[in-house]
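The primary structure of each chain is shown beneath.
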Amino acid sequence: QQLGESEILAMRSQGLRGDDIVKALVSNSATFAGKTAFSQEKYIKKKRKKYCVEVTFRRPCARSLCEAVHLKSPGRIHGLR
């Protein structure tokens, strides 16, 4: 791999998205073309997990709200769950 950590951090500070960073990593990888299709997919999946931000929104339920309040301020609810 020809891109170092400092270049990747510079790309992030410039505002590039995670997909663009992954494409740059793939294009600058010396061994990517010689890998099997499965290995290429695995490499891309691993890099996307590291550099792409993924947010999952879930509808709150009573249990998740209670856990969140308990973790944030258990003294407010006197330690009750």
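Whatever comes next refers back to the structure up there.
Quick caveat: nothing in here was measured; it's all calculated off a predicted structure.

Digging into the packing of helix α2 (residues 18-27) against helix α3 (residues 37-51)
At a minimum axis distance of 9 Å, the contact between α2 and α3 shows a crossing angle of 140 degrees. In terms of their interaxial angle, α2 and α3 are classed as oblique. Crossing of α2 over α3 shows right-handed handedness. Here Gly18, Asp19, Ile21, Val22, Leu25 and Val26 of α2 come into contact with α3, specifically with Tyr43, Ile44, Lys47, Arg48 and Tyr51. Taken together, the residues that form the contact of α2 with α3 break down as 7 nonpolar, 1 polar and 3 charged.

Side note on the pattern of salt bridges
Under the counting rule described, the total for this entry stands at 3 salt bridges. Taking the shortest distance from any N to any O, the salt bridge between arginine 48 and aspartate 19 comes out at 3.8 Å. Here aspartate 19 lies in helix α2 and arginine 48 lies in helix α3, a separation of 29 residues in the sequence. Overall, arginine 48 belongs to the partly exposed group, its relative accessible area being 45%. In this structure, arginine 63 engages glutamate 67 in a salt bridge whose closest nitrogen and oxygen atoms are separated by 3.1 Å. Note that arginine 63 and glutamate 67 are positioned in helix α4 (residues 62-72) at a spacing of 4 residues, about one turn of the helix. Judged by relative accessible area, arginine 63 falls into the exposed class, the value being 63%. Since its relative accessible area comes to 39%, glutamate 67 is described here as partly exposed. Shared partners join several salt bridges into a network, and the residues in it are Arg17, Asp19 and Arg48.

Here we look at the packing of aromatic side chains
Here a ring pair, both rings aromatic, is described through the centre-centre distance and the interplanar angle of the planes. By the definition in use, this model includes 1 aromatic pair. Between phenylalanine 32 and tyrosine 43, the aromatic rings sit 5.7 Å apart at their centres with planes inclined by 55 degrees, giving tilted as the arrangement. Linking phenylalanine 32 in the loop between α2 and α3 with tyrosine 43 in helix α3, this pair joins segments that are 11 residues apart in sequence. For phenylalanine 32, a relative accessible area of 12% puts it in the buried group. Since its relative accessible area comes to 12%, tyrosine 43 is described here as buried.

Focus: the nonpolar core
With 11 residues, the main nonpolar core is built from Leu3, Ile8, Met11, Ile21, Val22, Ala24, Leu25, Val26, Phe32, Tyr43 and Tyr51. For this core, the secondary-structure elements that each account for two or more residues are α1 (5-13), α2 and α3. At 5 residues, α2 tops the list of elements feeding residues into this core. In this structure methionine 11 touches Leu3, Leu16, Asp20, Ile21 and Ala24, once residues within four positions along its chain are discounted.

What counts and how
Residues numbered from 1 in each chain as written. Predicted model: local features only at pLDDT ≥ 70, side-chain atom pairs only at ≥ 80, totals over all residues. Heavy atoms only, no water. Axes fitted to C-alpha atoms, helices over the stretch in contact; angles between N-to-C directions. Helix = DSSP H or I, 4+ residues; strand = E, 2+ residues; numbered from the N terminus. Parallel < 35°, antiparallel > 145°, perpendicular 65-115°, else oblique. Left-handed = near helix turned anticlockwise from the far one by under 90°. Contact = heavy atoms within 4.5 Å. Nonpolar A, V, L, I, M, F, W, Y, C, P; charged D, E, K, R; others polar. Salt bridge = Lys/Arg side-chain N within 4 Å of Asp/Glu carboxyl O. Buried < 20%, exposed > 50% of the residue type's maximum accessible area, 1.4 Å probe, protein only. Phe/Tyr/Trp six-rings, centres within 6.5 Å; stacked < 30°, edge-to-face > 60°. Core = buried A, V, L, I, M, F, W, Y, C linked by side-chain atoms within 4.5 Å.

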